[in-house]
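Summary of structural features
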Amino acid sequence: MRYRNPAIKQLRDQQIKYAPRDVQLTQISRAERLLDELNPVGMYRYPELCEKITTYRGEMYPDLVVSGAEAVHDLRCFVEDLSDSADIPVENAGEEVWTVEDVSKRFNVSSKTVSRWRDRGLVSRRFRFGGRKRVGFLRSSVERFVTKHADDVDRGTQFSQLTVEEREQLIQRARRLAKAGGCPTEISHRLARKFHRSPETVRYTLKNYDRDHPELAVFPDALVTITDEHKREIHRSFLKGITADELSEKYGRTRTSIYRLVAEVRAELLVEKPIDYMYSSQFDEDGAAKTILQPAPEVDRKSGVVKTPPGLPPYLNSLYSVPLLTKEEEVYYFRKMNFLLHQAAQLQKQIDVSQPKNKDMDRLESLIEQANEVKNFLIRSNLRLVVSIAKKHMKPNANFFEMVSDGNISLIRAIEKFDFTRGFKFSTYASWAIMKNYARSIPAEYTQLDRFRTGNEEVFDQASDPRSERLNEEFINKRQHEALMELLSQLDPRERDIIVSRYGLKDGNPPLTLEQVGHKMGVTKERIRQLESRALQKLRKIAEEEHLDVPGI
């Protein structure tokens, strides 16, 4: 299992490397007891978790906060890895140890159900059974899990697996319904009612059968693998308003599968999106949300009203409709914006791309949107500052509104990088940022302009007609392509198709990735890589024998 938090993984590495075997056994027991205390929806400080396991508070990551779900997952990995390192013979475990098969038989469930129980919190260790290591469960660990998750265990024990006869009848009926035009979802529900099973059980039974017997598949269209590009295309189509029913028919998937794919792509995009902000220790204090997200401080603006100068262009005139912010308001809005981004970053870490929750994704998007609203307000409130600085840096023949636009970009960067905790006024920080940008951009612009005032020769060089050169390049490219295609004709058909597809050598076809070529030819991308490497070696050998110089080979 992969760790979700690198700090806990680092703790695992330290204990495996430096802790004696007896200490490791003690830490395993402490970590397992700690797992029973954790709430998956809570938040925990890493130093406190470390202290409960090792009895000492580490100096590393003093401000790190770990989500409950992240801690539960990684501590299960910690227990299993440390027990593996301790190399415990099963007869020295101190109590009865059950294997996965033992748990499956005792509770009349499948091994897959036991795996799901492990994901829900059933702690496993690794023991040495004779000459080999296997996963095992202490009897006390199983009993604690059964007590804590009685409902899940009851549902699992009430399930009985399909007999061979029931399975064959189910597949035969599904085949008849599929030939009659039924969709996978409708067939699964009808057969579930017929055989008194859950639709999910029927769906998995048919899916496993189709996977094991592709030549006799009940739903052959469902065997086509959905690539990452297909997933992104499904997500884009769904956002454009195409219904799940239309997409399920197009891609040969159930409506539930379409919704799941859309959610997975949405989660991937949200997780990949970087969230940068200025951190403050205030964000982790108790009641921080209530204090920071309260209404903005009230300010008496009657004494500070500025009249709009007459004769201004519409853009400049609109800037005076937004009042300037006081120092207290600046601190409030910058703290609010960064706190919202902090909450979004913490929530982003909790999203599981393989099983995303719409509630978490909606919340994450809402936090980012709220932070952007505050950011846009800060931008509008400081646009007059950009105009003021741009007027002072005007040069002859310069375009004033281009300078304002350039200054606005610097203002946005300044808002993103301003550290409100230092107590400085934002206008001071932003003024330096904007003036520094003008100090770089304005001389560079005039240097570029001066290059064309030195004489006529440079102007003529810049104005030369490149069409003759392009014609010559096209002729050379055509000759090289002909030579390359002649070489390719000496390869096997499959090797030739791989090279043509990988490098887009056929007119109108773009180059394809290893995965795309593998999907096209029905093999893995690793196999395509091997065949491509072999084909390129053949081409090099042929080119050397015929004394050819073909680029890229």
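Heads up: these notes are all about the structure in this document.

About the cut-offs
Residues numbered from 1 in each chain as written. Predicted model: local features only at pLDDT ≥ 70, side-chain atom pairs only at ≥ 80, totals over all residues. Heavy atoms only, no water. Salt bridge = Lys/Arg side-chain N within 4 Å of Asp/Glu carboxyl O. Helix = DSSP H or I, 4+ residues; strand = E, 2+ residues; numbered from the N terminus. Buried < 20%, exposed > 50% of the residue type's maximum accessible area, 1.4 Å probe, protein only. Pairing = 2+ DSSP bridges. Axes fitted to C-alpha atoms, helices over the stretch in contact; angles between N-to-C directions. Parallel < 35°, antiparallel > 145°, perpendicular 65-115°, else oblique. Contact = heavy atoms within 4.5 Å. Nonpolar A, V, L, I, M, F, W, Y, C, P; charged D, E, K, R; others polar. Polar contact = N/O pair within 3.5 Å; in protein donor to acceptor, adjacent residues only side chain to side chain. Core = buried A, V, L, I, M, F, W, Y, C linked by side-chain atoms within 4.5 Å. Patch = residues over 30% accessible without salt bridge, like charges linked within 9 Å, V, L, I, M, F, W, Y side chains within 5 Å. Areas by Shrake-Rupley, 256 points an atom, 1.4 Å probe, with all protein chains shown as cover. Lys, Arg positive; Asp, Glu negative; His and termini not counted. Charge placed at Lys NZ, Arg CZ, Asp CG, Glu CD. Expected span 1.5 Å × (residues − 1).

The subject of this paragraph is the pattern of salt bridges. As enumerated under the stated definition, the model contains 32 salt bridges in all. For the salt bridge of Glu 96 with Arg 106, the shortest nitrogen-to-oxygen distance reads 3.3 Å. Here Glu 96 is found in the loop between strand S3 (88–89) and strand S4 (97–99), whereas its partner Arg 106 is found in helix H5 (residues 100–107), with 10 residues between them in sequence. Under the relative-accessibility criterion, Glu 96 is labelled partly exposed at 34%. It is possible to trace a salt-bridge network through shared partners that takes in Lys 9, Arg 12, Asp 13 and Asp 81.

The next point concerns the pairing of strand S5 (residues 125–129). One ladder, built from 2 bridges, connects S3 with S5; its direction is parallel. The residue bridging Ile 88 from the neighbouring strand is Phe 127, located in S5. As defined by bridge partners, S5 adjoins strand S6 (residues 132–138) across 5 bridges and the pair is classed as antiparallel. Each bridged residue has a counterpart across the sheet, and for Arg 126 the counterpart in S6 is Val 135. Adjacent in sequence and paired antiparallel, S5 and S6 are bridged by 2 residues, among which Gly 130 carries a positive phi angle near 65 degrees.

Contact geometry for helix H2 (residues 21–37) and helix H7 (residues 139–148): axes closest at 12 Å, N-to-C directions at 5 degrees. Comparing their axes, H7 and H2 come out roughly parallel. Side by side, H2 and H7 meet where Glu 32, Leu 35 and Asp 36 of the first sit next to Ser 141, Arg 144 and Lys 148 of the second. Within the contact of H2 with H7, the residues separate by chemical class into 1 nonpolar, 1 polar and 4 charged.

Turning our attention to the environment of Arg 502. Position of Arg 502 among the secondary structure elements: in helix H24 (residues 493–503). Put simply, Arg 502 and Leu 514 are 12 residues apart on the chain and 7.2 Å apart in space, counted from C-alpha to C-alpha. Arg 502 has contacts with Pro 511, Leu 512, Thr 513, Leu 514, Val 517 and Glu 532, leaving out every residue within four places of it along the chain.

By the element assignment, Arg 211 lies in helix H11 (residues 199–212). A relative accessible area of 55% places Arg 211 in the exposed class. Within the local environment of Arg 211, its side chain forms a polar contact with the side chain of Asp 212, the two groups lying 3.3 Å apart.

Glancing now at the nonpolar core. One finds Phe 334, Met 337, Leu 364, Leu 378, Leu 411, Ile 415 and Phe 426 to be the most contacted residues of the largest nonpolar core, which totals 47 residues. At 10 residues, helix H17 (residues 327–350) tops the list of elements feeding residues into this core.

Together, Glu 486, Glu 544, Glu 545 and Glu 546 make up a region of like negative charge exposed at the surface. Structurally, Glu 545 can be placed in helix H26 (residues 525–545). A relative accessible area of 54% places Glu 545 in the exposed class.

Right, let's get into helix H14 (residues 255–272). Between its terminal C-alpha atoms H14 stretches 26 Å, which fits the 26 Å expected from 18 residues at 1.5 Å a residue. Every buried residue belonging to H14 is among Ser 257, Ile 258, Leu 261, Val 262, Ala 263, Glu 264, Val 265, Arg 266, Ala 267 and Leu 270, and all of these are buried. Looking at the buried positions of H14, the neighbouring elements they touch are helix H12 (228–239), helix H13 (244–251), H17 and helix H18 (358–381).

As judged from the 3 bridges shared by S4 and S6, these two strands associate in the antiparallel manner. By the bridge assignment for S6, Val 97 is matched with Leu 138.

So, about H24. Since the α-helix turns once every 3.6 residues, residues separated by three or four places project in the same direction. All of the buried residues along H24 are Glu 495, Ile 498, Ile 499, Val 500 and Ser 501. At the C-terminal side of H24, Gly 504 shows a positive phi close to 60 degrees.

As a further point, take unusual backbone geometry. In the Ramachandran plot, Thr 55 falls in the positive-phi region, its phi being about 70 degrees despite a non-glycine side chain. With respect to the helices, strands and loops of the structure, Thr 55 is situated in the loop between helix H3 (46–54) and strand S2 (65–67). Residue Thr 55 is classed as exposed on the basis of its relative accessible area, which comes to 53%.

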